[in-house]
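Chain by chain, the residues run as shown.
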Amino acid sequence: MKKKSIPELDKLFQEIGTYKKTTEFKELLDFVKKFPKIAPFNAMLLHIQKPGSNYVATAAEWQKKFGRRIKPEARPMVILRPFGPVTFVFDLSDTYGDNPFPKQLLDPFGVEGNISSVEFQRMINNLKCDGILYREADYGTNMAGMISNSAGGEELKIQKTTKEVWVKVLYNLIVNKNHEVETKFATVLHELAHLYCGHLGSPDLKWWDDRRGLNKNEREFEAECVCWLVCERKGISNPSAAYLNGYLDKNEYIPDISTDTVLKAVAIIESMINEKKNPRKEIITRTIDLKKGN
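To keep things clear, this report deals only with the structure shown in the data block.

## Some words on the packing of aromatic side chains
Step number 1: Using the criterion set out here, one finds 12 aromatic pairs in the structure.
Step number 2: On the numbers, 5.8 Å between centres and 90 degrees between planes, the contact of Tyr 55 with Phe 66 is edge-to-face. Taken together, the residues span a long stretch of sequence, with Tyr 55 in the loop between helix 3 (40–49) and strand 1 (56–57) and Phe 66 in helix 4 (residues 59–66) at a distance of 11 residues. Just as Tyr 55 is buried, Phe 66 falls in that class too.
Step number 3: Through a chain of ring-to-ring contacts, the aromatic side chains of Tyr 55, Trp 62, Phe 66 and Phe 101 assemble into a single cluster.

Following this line, the structure appears as structure tokens:
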């Protein structure tokens, strides 16, 4: 088995040595967290092109939202556009205008918040769409939770307005029911990070890569990075901060991880928090039309 697949982006980083030093990697993480409205991968593209960016928008958005225009000598930055090729954006420093820029937009997380019950429940409901069975167990204080591959045979029901959709159980996610909701949330993030970084393999390589060859240090570093980024971009208390700060302060280089995979995992998890998902068609076993009864 290969240790791990190497996406083109990671190949580039290996060739030029980018983000291998802990100082550079921490700078990247801090940069990506500043742009919660932008997909993690796009935030990284911004950092590659212009590390000192503060706030970015298209020329039309600068004009419409802030009454600012683009300086004639400004160079646009390229980010990926959903369902399209690319979009060109400009940093605050590339604009001018009489209207003062809202300073609070430069520090969107001045106050730590909490995960809302709506967002937490939406994430839990969306787990079923990837065949993840969520349970809470009566664990001791020191046991947070775990995720594992399912032995097979179980099914999950996804209730919709006019139908029931049944899907295969591929994974079991167990969380300590005695913990506060914020701790449960962080536990789910950490365990999902292991899943979406491919540490448990992959049921379909179109979903995510099979990266079971990583060692424990590499697996845990990736999972903590994912958890840290999701929490930071939500502006909530971050349990992974102590681990990452400790590692980054004591080591010159990060483990041999995939930055590309980390950012993709963050994007998957954020979509589960922010929007209602549909089950993957590959795991649907049956659909019952509630109007017809079959």
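Having seen it, we continue.
## As for the sheet that holds strand 6 (residues 132–137)
Step number 1: Taken together, three strands build an open sheet; the order of strands is 6-10-7 and the sheet is mixed. The two strands at the open ends of the sheet, each matched to only one other strand, are strand 6 and strand 7 (145–149). Between one strand axis and the next, the sheet turns by 15 degrees as a mean value, whatever way the strands run.
Step number 2: Sheet analysis places strand 6 next to strand 10 (residues 171–176), joined by six bridges and oriented parallel. Within the sheet, the bridge partner assigned to Tyr 134 lies in strand 10 and is Leu 173.
Step number 3: This element, helix 6 (residues 181–196), spans strand 6, strand 7 and strand 10 of the sheet and lies at about 155 degrees to strand 10.

## Quick word on the pairing of strand 9 (residues 163–168)
Step number 1: Note: strand 8 (residues 155–159) against strand 9, five bridges, orientation antiparallel. Each residue of the ladder has a partner; that of Leu 156, found in strand 9, is Val 167.
Step number 2: Counting the residues that bridge the hairpin from strand 8 to strand 9 gives three residues.
Step number 3: Here strand 9 runs beside strand 11 (residues 284–289); their pairing, made up of five bridges, is antiparallel. Bridged to Trp 166 within strand 11 is Arg 286.

Basis of the calculations
Residues numbered from 1 in each chain as written. Predicted model: local features only at pLDDT ≥ 70, side-chain atom pairs only at ≥ 80, totals over all residues. Heavy atoms only, no water. Phe/Tyr/Trp six-rings, centres within 6.5 Å; stacked < 30°, edge-to-face > 60°. Helix = DSSP H or I, 4+ residues; strand = E, 2+ residues; numbered from the N terminus. Buried < 20%, exposed > 50% of the residue type's maximum accessible area, 1.4 Å probe, protein only. Pairing = 2+ DSSP bridges. Axes fitted to C-alpha atoms, helices over the stretch in contact; angles between N-to-C directions. Contact = heavy atoms within 4.5 Å.

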